[in-house]
Amino acid sequence: MDRLPLVAILRGLKPEEALDMGHAIVNAGFHILEVPLNSPDPLRSIQILAEAFPNALVGAGTVTPRNKCETSKPWAVNSSSHPTSMTTWCVKR
């Protein structure tokens, strides 16, 4: 967070846009990227970003149902944002 203490929230990101958008965001100085789970095929976008930018913190946003927390973990192990009621459940898993 010392470098640029902002999160790039990539709402509505499509997997076919993820790599180009990721390059633009990372080149602009961002190192924290969030793909809301209400975006089109968000887990694929998260996977693309996490694999392409291993030094970035890539995660899921708008995590609400428990199954979304579980399914986002393989790629978004570093970060997820969700309503407070889901925080404890997701962290314990």
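Residues numbered from 1 in each chain as written. Predicted model: local features only at pLDDT ≥ 70, side-chain atom pairs only at ≥ 80, totals over all residues. Heavy atoms only, no water.

**Q** Please explain the nonpolar core as it appears in this structure.
**A** Here is a general trend for soluble globular proteins: nonpolar side chains tend to be buried in one another's company. By size, the foremost hydrophobic cluster in this structure holds 16 residues, and its most contacted members are L10, L13, L33, I46 and L49. Only helix 1 (15-27), strand 2 (32-36), helix 2 (42-52) and strand 3 (57-61) provide two or more residues apiece to this core. The dominant element in this core, judged by the number of residues it contributes, is helix 2, at 3 residues. (Core = buried A, V, L, I, M, F, W, Y, C linked by side-chain atoms within 4.5 Å. Buried < 20%, exposed > 50% of the residue type's maximum accessible area, 1.4 Å probe, protein only. Helix = DSSP H or I, 4+ residues; strand = E, 2+ residues; numbered from the N terminus.)

**Q** How should unusual backbone geometry be read in this particular structure?
**A** What is expected of a backbone is that most residues other than glycine have negative phi and most peptide bonds are trans. Residues other than glycine seldom take positive phi values, yet D41 does so here, at roughly 45 degrees. Inspection of the secondary structure puts D41 in the loop between strand 2 and helix 2.

**Q** Before we go on, may I ask you to explain the environment of R44 in this structure?
**A** Mapped onto the fold, R44 is located in helix 2. For the pair formed by R44 and E16, sequence separation is 28 residues and the distance between their alpha carbons is 9.4 Å.

Without other data, these values stay purely geometric and don't point to any function.
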